[in-house]
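Remarks on the overall topology
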Amino acid sequence: FHFIYLPPYSPQLNPIERLWKWLKDTVIANVFHKDQNDIAQAIAQFVDYIHERPKEVLQRLGCAV
């Protein structure tokens, strides 16, 4: 076993944090949503987008070469 020190808070090492930031930047930031259903639809569209483009998503999250 080799132990690797990781800082207690290291979002840059966790790809899901980059996905959450992408989601917030795309769906929430500088966008007015009239109600919760509108937000839910925007999130669903984002999820559909990332499901349709897995290679692009992996590259953007830094998980693929």
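Residues numbered from 1 in each chain as written. Predicted model: local features only at pLDDT ≥ 70, side-chain atom pairs only at ≥ 80, totals over all residues. Heavy atoms only, no water.

Some thoughts on the packing of aromatic side chains
Counted only if it meets this: Here a pair means two rings of Phe, Tyr or Trp (six-membered ring of Trp) with centres within 6.5 Å. Their orientation is stacked below 30 degrees between planes, edge-to-face above 60, and tilted elsewhere. Here a helix means four or more residues in a row that DSSP labels H or I, a strand means two or more in a row labelled E, and each is numbered from the N terminus. Here the term buried applies to any residue with accessible area under 20% of the maximum for its type, exposed to any over 50%, and partly exposed to those in between, with areas from a 1.4 Å probe on protein chains only.
In total, this model carries two aromatic pairs according to the counting rule given. Here tryptophan 22 and phenylalanine 46 contribute two aromatic rings whose centre-to-centre distance is 5.2 Å and whose plane-to-plane angle is 85 degrees, an arrangement assigned as edge-to-face. Taken together, the residues span a long stretch of sequence, with tryptophan 22 in helix 1 (residues 15–28) and phenylalanine 46 in helix 2 (residues 36–52) at a distance of 24 residues. Side by side, tryptophan 22 and phenylalanine 46 carry an identical accessibility label, which is buried. Measuring from centroid to centroid gives 6.3 Å for tryptophan 22 and tyrosine 49, while their planes differ by 90 degrees, and the two rings are edge-to-face. Taken together, the positions of tryptophan 22 in helix 1 and tyrosine 49 in helix 2 put the pair 27 residues apart, joining distant regions of the chain. Judged by its relative accessible area of 6%, tryptophan 22 is buried. By relative accessible area, tyrosine 49 is classed as partly exposed at 29%. Every member of this aromatic cluster is reached through a ring pair, and the members are Trp22, Phe46 and Tyr49.

Details of the packing of helix 1 against helix 2
How we decide: For every element, the axis is a line fit to its C-alpha atoms; helices are fit only across the contacting stretch, and the angle between N-to-C directions ranges from 0 to 180 degrees. Note on terminology: angles under 35 degrees are roughly parallel, angles over 145 are roughly antiparallel, angles of 65 to 115 are roughly perpendicular, and the others are oblique. Crossing handedness: left-handed means the near helix sits turned counterclockwise from the far one by under a right angle, and right-handed means the same turn made clockwise. Every residue pair with non-hydrogen atoms within 4.5 Å of one another is taken to be in contact.
Where helix 1 meets helix 2, the axes come as close as 10 Å, and the angle between the chain directions of the two elements is 130 degrees. One finds that helix 1 runs oblique with respect to helix 2. Note that helix 1 runs across helix 2; the crossing there is right-handed. Residues Leu19, Trp22, Leu23, Thr26, Val27 and Ile28 of helix 1 form the contact with helix 2, whose own contacting residues are Ile39, Ala42, Ile43, Phe46, Tyr49 and Ile50.

Remarks on the nonpolar core
The following threshold applies: Only buried residues count toward a nonpolar core, which is a set of Ala, Val, Leu, Ile, Met, Phe, Trp, Tyr and Cys residues joined through side-chain atoms within 4.5 Å.
The biggest cluster of nonpolar side chains holds nine residues, and these are Leu19, Trp22, Leu23, Val27, Ala42, Phe46, Ile50, Val57 and Leu61. Sort the elements by how many residues they give to this core and helix 1 lands first, with four residues. Excluding residues that lie within four positions of it along the chain, tryptophan 22 makes contacts with Phe46, Tyr49, Ile50, Val57 and Arg60.

Notes on unusual backbone geometry
Across residues other than glycine, the phi torsion is negative in most instances, and most of the peptide bonds are trans. Of note in this structure, asparagine 30 is not a glycine but carries a positive phi near 55 degrees. Within the secondary structure layout, asparagine 30 lies in the loop between helix 1 and helix 2.

Limitation: the analysis is restricted to geometry and does not speak to function.
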